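The primary structure of each chain is shown beneath.
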Amino acid sequence: MQKVDETRLRLFLSDNDILGYYFGNIDFNRKYSSPFRKDPVPSLKFYFNNGRIFWRDYGKPDQVGTDSIAFVSELYNIERDEAVNMIWQEILLDNNLNI
């Protein structure tokens, strides 16, 4: 697999692109059940900050709001650089997007 850095990935994909692919459409006015654990009371929230989309799982007290790459990293239990490479492969290369 081609190794790509985060800066290059962000030239082609926004947080919205990444989260849309791995989570689906986001409604910023609601909370969701966390995909990271059993979550009977929805505790996952997406929000904007400085033009970027971040998320926070309020059911995990040690977790702080973080970005789309961290979402994929948490979802698949992989390191951040592995998530960057996976996103590049799955969204850009597997869909034959011109890059």
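Being a predicted model, the structure only gives us computed values, none of them experimental.

A.B. asks: Help me out: how do you make sense of the pattern of salt bridges in this one?
C.D. replies: Applying the stated rule across the entire model yields 11 salt bridges. Between Asp 81 and Lys 3 there is a salt bridge, with the nearest N and O atoms lying 3.6 Å from each other. One end of the pair, Asp 81, is in helix α4 (residues 80-93); the other, Lys 3, is in the segment before α1 (6-12), and 78 residues separate them in sequence. On the basis of relative accessible area, Asp 81 is assigned to the partly exposed category, the value being 43%.

A.B. asks: Which parts of the structure should I look at to understand the nonpolar core?
C.D. replies: Across soluble globular proteins, nonpolar side chains have a tendency to be buried as a group. Counting 14 residues, the largest nonpolar core has Leu 9, Leu 13, Ile 18, Tyr 22, Ile 69, Val 72 and Ile 87 as the members making the most contacts within it. Of all the elements in the fold, those that place two or more residues in this core are α2 (15-22), α3 (68-76) and α4. Leaving out residues up to four positions away in the same chain, Ile 87 has contacts with Leu 9, Leu 13, Ile 18, Tyr 22, Ile 69, Val 72 and Leu 92. Counting 10 residues, the second largest nonpolar core, distinct from the first, contains Phe 36, Ile 53, Trp 55 and Ala 70.

A.B. asks: When you look at the packing of α2 against α3 in this model, what are you seeing that I'm missing?
C.D. replies: At their nearest, the axes of α2 and α3 sit 9 Å apart, and the two run at 25° to each other. It follows that α2 is roughly parallel to α3 by the angle criterion. The hand of the α2/α3 crossing is left-handed. The segment α2 lies against α3, with Asp 15, Ile 18, Leu 19 and Tyr 22 engaging Ser 68, Ile 69, Phe 71, Val 72, Leu 75 and Tyr 76.

A.B. asks: Would you mind going over α3 with me for this structure?
C.D. replies: Quick reminder: α-helices carry 3.6 residues per turn. Residues three or four places apart thus point the same way. Taken together, the buried positions of α3 are occupied by Ser 68, Ile 69, Ala 70, Phe 71, Val 72 and Ser 73. Within two residues after α3, Asn 77 carries a phi angle of roughly 55°, on the positive side.

Rules of the game
- Think of each chain on its own: its residues are numbered from 1, step by step along the sequence as written.
- It should be noted that, the model being predicted, local features are given only for residues of pLDDT at least 70 and side-chain atom pairs only at 80 or more, the latter also being counted only at that level, while totals for whole chains, interfaces and linings use all residues.
- No hydrogens and no water enter the side-chain calculation; it runs on all heavy atoms of the structure.
- Salt-bridge detection follows one rule: a side-chain nitrogen of Lys or Arg within 4 Å of a carboxyl oxygen of Asp or Glu.
- In DSSP terms, a helix is any run of H or I states spanning at least four residues, a strand is any run of E spanning at least two, and both are numbered starting from the N terminus.
- Buried, partly exposed and exposed residues are distinguished by accessible area as a fraction of the type maximum, computed with a 1.4 Å probe on protein chains only: under 20%, between the cut-offs, and over 50%, respectively.
- Nonpolar cores are built from buried Ala, Val, Leu, Ile, Met, Phe, Trp, Tyr and Cys residues. Side-chain atoms within 4.5 Å join them into one set.
- Contact definition: two residues touch when any of their heavy atoms are within 4.5 Å.
- Lines are fitted to the C-alpha atoms to define the axes, a helix being fitted only along its stretch in contact, and any angle between axes, read from their N-to-C directions, falls within 0 to 180 degrees.
- In what follows, roughly perpendicular refers to angles from 65 to 115 degrees, roughly parallel to angles under 35, roughly antiparallel to angles over 145, and oblique to any angle outside these ranges.
- Whether a crossing is left-handed or right-handed is set by the direction in which the near helix is turned from the far one by less than a right angle, anticlockwise for left-handed and clockwise for right-handed.

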